[in-house]
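Examination of the molecular architecture
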Amino acid sequence: MQRRGPGLAAFDRFDRHNQYAQLSNMLTASHVANLHSQLEIFRSQLSRFAIEHRQKIVKDPSFRHQFQRMCADIGVDPLAGPRRGGWWSEVLGVVGDWQYELGVQIVDICVSTRERNGGMIEMGELVRLLTRLRGGGEEVTEEDVVRSIKTLTPLGAGYEVVEVSGIKMVRSVVKELDSDGAVVLGLAQEADVGGRVTEESLVRRKGWEYGRARAALENMLLRDGLCWVDEQDPQGRSFWIPSALVWEE
């Protein structure tokens, strides 16, 4: 039997398919062009807003945080620089630089105090030292510190905000604090302890055995460098946790 070729109906279906494809391409191109137009308008408006309110963003932490939350809500990363595909520094200029400058000052303080606190500094103490370093003219908040620490991630130096017994600490060394060390640090930060911890206090207040208490304190002293030992204490050998102390400078 001879096979019949395609009829007129097949050509008609082919023609309509091409028409639908052309229409789809036209709609897609129109949609993309519209999105580009809206993005340019948005970029222009955000840039204008940032320039007009630049000083308020820098000086007023409440206004700055509201602006940063607005950026986060619309998917703009305020810490993204040009190399990361962002245009924060391009749009905001000195506002973006302010965040990076704060990050550099955080590094300065963490490095200069590391010898005494072992690389763990209480958040409130860090904010106090930052405010003093900046001359007290600009208020720095914990949220500012957290955001600036994010800019330090590429350094790979271990800068991180951690929470110990409900207290925020900034760690500036690449090492993890084990669970027993966290308990010791938490105890040292209690108001009636004042940074001084002994084997007896861990046994009495935490229910530990003496061997566990001794091992935890020795690890913090020798392995982690997070405490000092006082061999001359009249009440017996004691350990001082510098990161739990408030330093007057």
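The structure contained in this document is the topic of the report that follows. Model, not experiment: these values are computed from the prediction.

Calculation rules
Within each chain, residue numbers correspond to sequence positions counted from 1 in written order. In keeping with the predicted nature of the model, local features appear solely for residues at pLDDT of at least 70, side-chain atom pairs appear and are counted solely at 80 or more, and the whole-chain, interface and lining totals rest on all residues. Values shown for side chains rest on all heavy atoms present in the structure; no hydrogens or waters enter the calculation. Runs of H or I in DSSP of at least four residues are treated as helices and runs of E of at least two as strands, each being numbered from the N terminus. Only protein chains enter the accessibility calculation, which uses a 1.4 Å probe. A residue is then buried if its area is under 20% of the maximum for its type, exposed if over 50%, and partly exposed in between. A contact between two residues is defined here by any heavy atoms of the two lying within 4.5 Å. For the accessible areas, the method is Shrake-Rupley and the probe is 1.4 Å, while residue cover comes only from the protein chains on display. In this analysis, strands are considered paired if DSSP registers two or more bridges between them. Comment: axis = line fitted to C-alpha atoms, over the contacting stretch for helices; angle = value between 0 and 180 degrees taken between N-to-C directions. Oblique is the label for any angle not under 35 degrees, not over 145, and not in the 65 to 115 range, which are roughly parallel, roughly antiparallel and roughly perpendicular in turn. Take the far helix as your reference; a near helix turned counterclockwise from it by less than a right angle gives a left-handed crossing, and one turned clockwise gives a right-handed crossing. Throughout this entry, Asp, Glu, Lys and Arg are counted as charged residues, while Ala, Val, Leu, Ile, Met, Phe, Trp, Tyr, Cys and Pro are counted as nonpolar. The remaining residues, Gly among them, count as polar. Salt bridge, as used here, is a side-chain nitrogen of Lys or Arg placed within 4 Å of a carboxyl oxygen of Asp or Glu. The nonpolar core is taken to be a set of buried Ala, Val, Leu, Ile, Met, Phe, Trp, Tyr and Cys residues, with the residues joined through side-chain atoms within 4.5 Å.

Check the secondary structure of the protein chain and you find 10 helices and six strands. Expressed as a percentage of its 249 residues, the buried residues of the protein chain come to 38%. Of the contacts made within the protein chain by residues no fewer than 6 positions apart, 52% connect residues no fewer than 24 positions apart. Entry remark: accessible area of the protein chain is about 15,000 Å², with carbon and sulfur atoms responsible for 54%.

Take the sheet that holds strand β3 (residues 167-171) next. Note on sheets: strands pair through backbone hydrogen bonds, and any given pair is parallel or antiparallel. Read from one edge of the open sheet, three strands run β1-β3-β2, paired in antiparallel fashion. At either margin of the open sheet sits one strand with a lone partner, and together these are β1 (120-122) and β2 (160-164). Each strand axis lies, on average, 35° off the axis of its neighbour in the sheet, ignoring direction. In this structure, β2 lies alongside β3, joined through five bridges in antiparallel fashion. In the strand pairing of β3, E163 is matched with K168. In the packing of helix α6 (residues 123-133) onto the sheet, contacts are made with β1, β2 and β3, and the angle to β1 comes to roughly 80°.

What follows concerns the side chain of R134. Checked against the element boundaries, R134 lands in the loop between α6 and α7 (142-150). Take R134: its relative accessible area is 15%, and that puts it in the buried class.

Attention now goes to the packing of helix α9 (residues 199-206) against helix α10 (residues 210-223). It is the contact of α9 with α10, at a shortest axis distance of 9 Å, that shows an interaxial angle of 125°. With respect to α10, the axis of α9 lies oblique. Helix-helix and strand crossings are classified by hand; for α9 and α10 the assignment is right-handed. In this structure, α9 contributes E199, E200, L202 and V203 to the contact, and α10 contributes Y210, A213, R214 and L217. By residue class, the composition of the contact of α9 with α10 is five nonpolar, no polar and three charged.

Here the focus is the pattern of salt bridges. Summed over all chains, the structure comprises 12 salt bridges. The partner of E160 in a salt bridge is R171, with the nearest N and O atoms 2.3 Å apart. Separated by 11 residues along the polypeptide, E160 in strand β2 and R171 in strand β3 bring together distant segments of the chain. For E160, a relative accessible area of 35% gives the class partly exposed. Measuring nitrogen to oxygen at the nearest pair gives 3.3 Å for the salt bridge that ties E199 to R214. In this pair, E199 sits in helix α9 while R214 sits in helix α10, placing the two residues 15 residues apart along the sequence. One salt-bridge network, in which partners are shared between bridges, spans E190, R205 and K206.

Time to look at the nonpolar core. Judged by nonpolar contacts, the single largest core of 21 residues is most densely connected at V184, V197, L202 and I241. Elements that contribute at least two residues to this core include exactly β2, α8 (179-188) and α10. The element that contributes the greatest number of residues to this core is α10, accounting for five residues. Those residues in contact with L202, other than ones at most four positions away along the chain, are V184, L187, V197, G207, W208, A213 and L217.

Right, let's talk about the environment of T151 for a bit. Tracing the chain through its elements places T151 in the loop between α7 and β2. Residue class for T151 comes out buried when judged on its relative accessible area of 15%. Along the sequence, T151 and L102 sit 49 residues apart, while their C-alpha atoms lie 9.8 Å from each other.

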